Every structure is written in structure tokens, then in C-alpha cells.
Amino acid sequence: MVVWNEEHQQEIELLTNNFTWSANTIGDLYKSRWQIEIFFGRSNSAIKSFIGTTLNAVMIQIWTALITILLLKYLKAKAKYKWHLSNLVAFIRLNMYTKIDLQHWLDDPFTEPSKRHINLNQGVLFKSDA
């Protein structure tokens, strides 16, 4: 099948075993699939391989990855420091279990955090009688 690429002013030959759809439909599907590939490639996707292979497991993993990417891009946009997304991901992994002021760390990651008490605003789950 041959499809005309308007952007590059050239013909593109597509190989397919689906002879019921038009060449333009197949071309649109290839183009959409390529956009998905680019999105996941640029976003440092957390999905390297799927843990579960059922439809539900795959959908959960994809949605979790998309939400994670959205949160990371939000943090990158809020930060005063000009993070590269891959560096932000690596540094968050390193500091995952440390108690820090997140916004201060995002803005100025290479200065020593102050020794002041960080108010965590966390409720008490279990009441101690002792």
C-alpha cells in the first residue's frame, strides 16, 4: 500500500496483511502508533517490561506510568532549578525515603538542608498508652 506524506511531500510504502482497510486508514494507524512510541520514549517511561500480561494488568501499569510521568513533569515545571527529567527521576529515587522539604529541594537541590524541624503534618495512626 502507498500513502502520501503531506509533511515531507513523499510517498510511503506500507506493508500489511489487512487488505480490507484503505491505505489512508493504515497510514493513520501507523502514524498514531509512532506518536505513542515517541511519547513513551521521550518520557523515560517506567515500563520496561510488563509484570502482568492480562488486559487489566497492562492497563493498570500503563495508567500508573502515565500518572507518574504527569507528576514528574509537574514537579519539573514547579522547580526553580532547571532539571532534566531523567536527572530528576534519578535524584528522586536516591532521596525517596529522606525527610526533606520537597519544594526547597526541587528549587535548590545541591545545598545542605537546614537543620530546622520539618513539620510533616501527619496524623497519628496508633495511639500510644505508655
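Please refer to the structure placed before this passage.
Values in this document were obtained by computation on a predicted structure and should not be read as measured data.

A. Structural view of the environment of Thr20. Topologically, Thr20 is positioned in the loop between β2 (10–13) and α1 (23–42). Its relative accessible area of 70% is what places Thr20 among the exposed residues. Looking at Thr20, its side chain comes within polar contact range of the side chain of Asn18, at 2.8 Å.

B. Seen up close, the layout of surface pockets. When its volume is computed, the largest pocket comes out at roughly 400 Å³. Together, 15 residues line the largest pocket, and Val3, Asn5, Ile12, Gly27 and Lys31 are the ones closest to its centre. Considering every element that reaches the lining of the largest pocket, the biggest residue donor is α1, with 7 residues.

C. Representation of unusual backbone geometry within the structure. Backbone geometry at Gln9 places phi at a positive 55 degrees, although glycine is not the residue there. Here Gln9 is to be found in the loop between β1 (2–5) and β2.

D. Layout of the nonpolar core. Residues Leu72, Leu75, Ala79, Trp83, Leu85, Leu88, Val89, Ile92, Trp105 and Leu106 constitute the largest nonpolar core, which totals 10 residues. For this core, the secondary structure elements donating two or more residues are α2 (55–78), α3 (85–94) and α4 (102–107). Broken down by element, this core gets its largest block of residues, 4 residues, from α3. Discounting chain neighbours no more than four positions away, the residues touching Ile92 are Leu72, Leu75 and Trp105.

E. The packing of aromatic side chains, seen in detail. For the structure on display, the rule yields 5 aromatic pairs. With 5.0 Å between their ring centres and 70 degrees between their planes, Tyr81 and Trp83 make a pair best called edge-to-face. With a relative accessible area of 32%, Tyr81 lands in the partly exposed category. Given a relative accessible area of 5%, Trp83 falls into the buried group. Note on Tyr81 and Phe110: the rings are 5.7 Å apart at their centroids and 75 degrees apart in plane angle, and the pair reads as edge-to-face. Of this pair, Tyr81 sits in the loop between α2 and α3 while Phe110 sits in the segment after α4; the two residues are 29 residues apart in sequence, bridging distant segments of the chain. Following the ring pairs from residue to residue traces out a cluster consisting of Tyr81, Trp83, Phe91, Trp105 and Phe110.

Analysis parameters
- Residues numbered from 1 in each chain as written.
- Predicted model: local features only at pLDDT ≥ 70, side-chain atom pairs only at ≥ 80, totals over all residues.
- Heavy atoms only, no water.
- Helix = DSSP H or I, 4+ residues; strand = E, 2+ residues; numbered from the N terminus.
- Buried < 20%, exposed > 50% of the residue type's maximum accessible area, 1.4 Å probe, protein only.
- Polar contact = N/O pair within 3.5 Å; in protein donor to acceptor, adjacent residues only side chain to side chain.
- 1 Å grid on protein atoms, 1.4 Å probe; cavity = no way out; pocket = protein on both sides within 12 Å on 5 of 7 lines; lining within 4 Å.
- Points joined across faces, edges and corners; volume = space filled by probe spheres on them.
- Core = buried A, V, L, I, M, F, W, Y, C linked by side-chain atoms within 4.5 Å.
- Contact = heavy atoms within 4.5 Å.
- Phe/Tyr/Trp six-rings, centres within 6.5 Å; stacked < 30°, edge-to-face > 60°.

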